[in-house]
Amino acid sequence: EIRQVFEKKTVVRSRAVKGKEDVGAAYRDYFDWEEPLSKAPAHRIHALIRAEREGVIRLSMRPEESLPLKILQRRFVHGPSKAAEQVERAVEDGYKRLIAPSMENEVRLRAIERADHDAAGVFAENLRHILLAPPLGGKRVLAIDPGYRTGCKVVCLDSQGSLLAQALVHVVGSDDQLVRAGETLVQLVKRYAIEAIAVGNGTASREAMALVRSLDGLSGISKAMVSEAGASVYSASDVARKELPDCDVTVRGAVSIGRRLLDPLAELVKIDPRSIGVGQYQHDVDPQLLKRALDDVVEQCVNLVGVDVNTASVPLLACVSGLSPRVAERIVEKRKQHGPFRSRADLRKVPGLGPKTYQQAAGFLRVRGGEDPLDASAVHPESYPVVQRMAEDLGCTVQELMRSPGLRERIDLNRYVSDKVGIPTLEDIVGELAKPGRDPRAGFEEFSFADGVADIADLTPGMSLPGIVTNVVNFGAFVDIGVKRDGLVHISQLADGFVAHPSAVVRPGQKVSVTVLDVDLERGRVGLKLDNEHL
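Residues numbered from 1 in each chain as written. Predicted model: local features only at pLDDT ≥ 70, side-chain atom pairs only at ≥ 80, totals over all residues. Heavy atoms only, no water.

Participant: Would you mind going over the overall build of the protein chain with me for this structure?
Facilitator: From N to C terminus, the protein chain includes 18 helices and 15 strands. Counting only C-alpha atoms, the protein chain reaches 100 × 75 × 45 Å along its principal axes. Among the 535 residues that make up the protein chain, the fraction classed as buried is 48%. Intrachain contacts of the protein chain at a sequence separation of at least 6 include 63% that bridge at least 24 residues. Surface accessibility of the protein chain: about 26,600 Å² in total, with carbon and sulfur atoms responsible for 49%. (Helix = DSSP H or I, 4+ residues; strand = E, 2+ residues; numbered from the N terminus. Buried < 20%, exposed > 50% of the residue type's maximum accessible area, 1.4 Å probe, protein only. Contact = heavy atoms within 4.5 Å. Areas by Shrake-Rupley, 256 points an atom, 1.4 Å probe, with all protein chains shown as cover.)

Participant: Would you take a moment to explain the sheet that holds strand β2 (residues 33-36) for this structure?
Facilitator: With respect to topology, 3 strands assemble into an open sheet ordered β2-β1-β3, the strand pairing being antiparallel. Across the chains shown, the open sheet's two edge strands, defined by having one partner strand only, are β2 and β3 (57-62). Direction aside, neighbouring strands of the sheet carry axes that sit 10° apart on average. Looking at chain direction, strand β1 (residues 11-16) and β3 are connected through 6 bridges and run antiparallel. Across the sheet, the residue bridging to Arg 13 is Ser 60, located in β3. (Pairing = 2+ DSSP bridges. Axes fitted to C-alpha atoms, helices over the stretch in contact; angles between N-to-C directions.)

Participant: So what exactly am I meant to see when it comes to the pairing of strand β15 (residues 525-530) here?
Facilitator: In the sheet, strand β13 (residues 487-490) pairs with β15 via 2 bridges, with the strands oriented parallel. Directly across from Leu 488, in β15, lies its bridge partner Gly 527. In the sheet, strand β14 (residues 511-520) pairs with β15 via 6 bridges, with the strands oriented antiparallel. Counted as the bridge partner of Val 516 is Leu 528 from β15. Between β14 and β15, which pair antiparallel in sequence order, lie 4 residues; one of them, Gly 524, sits at a positive phi of approximately 65°.

Participant: How should I be thinking about the environment of Val 332 in this particular structure?
Facilitator: In this structure, Val 332 sits in helix α13 (residues 325-338). With 180 residues separating them along the chain, Val 332 and Cys 152 place their C-alpha atoms 33 Å apart. In this structure, Val 332 is in contact with Ala 312, Val 314 and Leu 317, ignoring residues within four places of it in sequence.

Participant: Help me understand the nonpolar core in this model?
Facilitator: Soluble globular proteins tend to pack their nonpolar side chains together in the buried interior. Residues Val 302, Leu 317 and Leu 365 are the most contacted members of the largest nonpolar core, which totals 63 residues. Sequence-distant contacts of Leu 365, that is, excluding residues within four places in its chain, are made with Val 307, Val 309, Leu 317, Val 320, Leu 323, Arg 344, Leu 347 and Asp 375. Listed in part, the 32 residues of the second largest apolar core include Tyr 30, Phe 31, Ala 42 and Ile 45. (Core = buried A, V, L, I, M, F, W, Y, C linked by side-chain atoms within 4.5 Å.)

Participant: So what exactly am I meant to see when it comes to the environment of Ile 468 here?
Facilitator: Positionally, Ile 468 belongs in strand β11 (residues 464-473). Sequence separation between Ile 468 and Val 479 is 11 residues; the distance between their C-alpha atoms is 5.4 Å. If we skip the residues at most four places from it in the chain, Ile 468 touches Phe 447, Phe 478, Val 479, Asp 480, Gly 509, Gln 510 and Lys 511.

Participant: For this particular structure, what's the right way to read the sheet that holds β13?
Facilitator: Backbone-to-backbone hydrogen bonds join strands into a sheet, with any given pair of strands oriented parallel or antiparallel. Strand order in the closed barrel formed by 5 strands is β11-β12-β13-β15-β14, with mixed pairing between adjacent strands. When strand polarity is set aside, the average angle formed by the axes of neighbouring strands in this sheet is 50°. Across 5 bridges, β11 lies against β14 in antiparallel orientation. Pairing of Ser 464 across the sheet is with Thr 515, part of β14.

Participant: What is the right way to read the pairing of β11 from this model?
Facilitator: On a regular strand, each side chain points to the face opposite its neighbour's, so the side chains alternate between the two faces of the sheet. In terms of burial, β11 is largely enclosed, as 7 of its 10 residues are buried. The antiparallel hairpin formed by β11 and strand β12 (residues 476-480) contains 2 residues in its connecting segment.

Participant: Looking at this structure, how should I read helix α1 (residues 2-9)?
Facilitator: Structural remark: α-helix, 3.6 residues per turn; residues separated by three or four positions point the same way. Turning to α1, its buried residues are Ile 2, Val 5 and Phe 6. Looking down the long axis of α1, one finds its buried residues gathered within 95° of arc, a one-sided arrangement. Tucked into the core, α1 has its buried residues touching β3, α3 (66-76) and α4 (82-131). (Arc of directions from axis to C-beta.)

Below is the structure:
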């Protein structure tokens with residue numbers, strides 16, 4: 001009975017610790033606060049637990065004391081007598097000293113577990129959108145890792161992301177420095193036939209982008225601001241040292257920025273997803289729970305897009321279902337020793353890639369320009385005979401079947417149903433024949449922030465600005481509007497009506513238009529409202 005009272009009637013109460021007001025400025029909203037646990041959002045539980053751990057608040061999770069005491073008194077206290085008075089005192093002492101702390105621990109653990117699962121789910125959904133961001137793909141890129149004092153590291157990459165050249169320029173300084181920086185950038189673009197420019201969104205990013213946009217020699221070239229989140233983690237990792245052994249960490253960071261523009265998925269799988277900077281209170285979540293959730297998302301995204309075995313890195317191959325890091329290394333070693341794979345069947349010759357592994361992974365691996373056109377599609381090798389029968393019945397080749405919508409419309413799926421292949425599978429096969437190996441991600445679109453807005457002091461209420469959603473949390477969404485600090489669109493400002501969760505309206509990486517509601521220069525906070533045209 002007491003456990004049920006704790007489960008249904010618990011109230012979360014926080015009280016500010018005297019003398020900690022300045023230290024706990026980030027938790028100001030939780031000073032002298034209380035709310036029924038059943039109504040407390042998961043993100044609030046994490047905030048409260050962190051504030052308590054830092055000694056900013058005192059936290060309790062208990063029901064009103066009279067409720068459990070009434071249950072105990074009804075059970076153990078009988079009649080008005082001296083003995084009953086002693087029993088009543090014992091009941092009260094036992095509750096306060098033993099039962100209440102024990103029950104509170106149970107309630108806390110369940111609340112934290114619920115908050116962990118909720119936070120892991122939000123993080124996983126955000127990560128999915130980040131990994132499936134539109135790739136530029138197949139173009140030569142100049143990438144800039146901006147900085148003030150030490151300058152901007154510049155690298156040139158070929159269409160496969162290989163490093164061609166590197167340089168250092170200063171986008172902040174004297175006029176001579178700016179002129180030299182511009183000349184260097186124009187020379188690199190011409191020398192290496194650059195088709196796109198990626199600028200990291202860190203320190204001095206606005207100045208770097210302004211310089212790039214001002215140069216006549218760079219007109220007509222796509223320019224994009226790219227998130228640097230996790231680039232420093234990659235640059236110091238073993239993976240980066242193996243890929244770029246002769247480069248320092250600053251060059252590796254710039255290379256990572258450029259590769260993210262080419263293919264976000266292929267580059268981001270190289271770092272710990274927790275370093276990408278999305279989600280909420282991820283450092284307070286059970287690490288194992290979070291790792292499982294994020295690893296599952298990474299694998300799902302890689303499998304959805306598919307992997308070209310002749311260009312993929314070891315980290316990307318290792319994310320394919322069924323492939324271990326060791327098998328991924330052997331695939332790359334085989335490719336280096338004997339040249340590109342000509343068919344999926346060639347993968348069977350890779351040491352350690354047995355029949356079961358091949359069966360599980362083959363459908364997610366692509367061989368483009370190989371001997372069999374089906375090897376570049378998501379059709380599993382087990383279904384090749386079915387496709388060949390379809391082509392034979394129509395009197396054409398598999399390649400002609402893949403090219404001709406008219407031929408595919410004549411296919412009678414019922415003729416190919418068997419114990420192993422049903423109508424849903426056959427529909428998927430025909431659908432894949434229509435778009436063999438096509439990337440399911442959206443097409444790349446260029447984006448730019450508003451001119452003349454580079455600092456929070458440049459903002460005034462009522463301004464309408466373009467922005468990019470950087471993070472989605474339970475209480476709203478954070479939007480980068482180009483002023484170094486992301487603004488918050490509270491869940492109440494995402495739509496005119498009720499919104500169950502911000503993810504139903506916006507997603508990380510989405511380009512939006514927002515209106516500035518308020519600017520807090522002292523705390524560095526910006527309140528935003530999502531414009532209706534983006535709902």
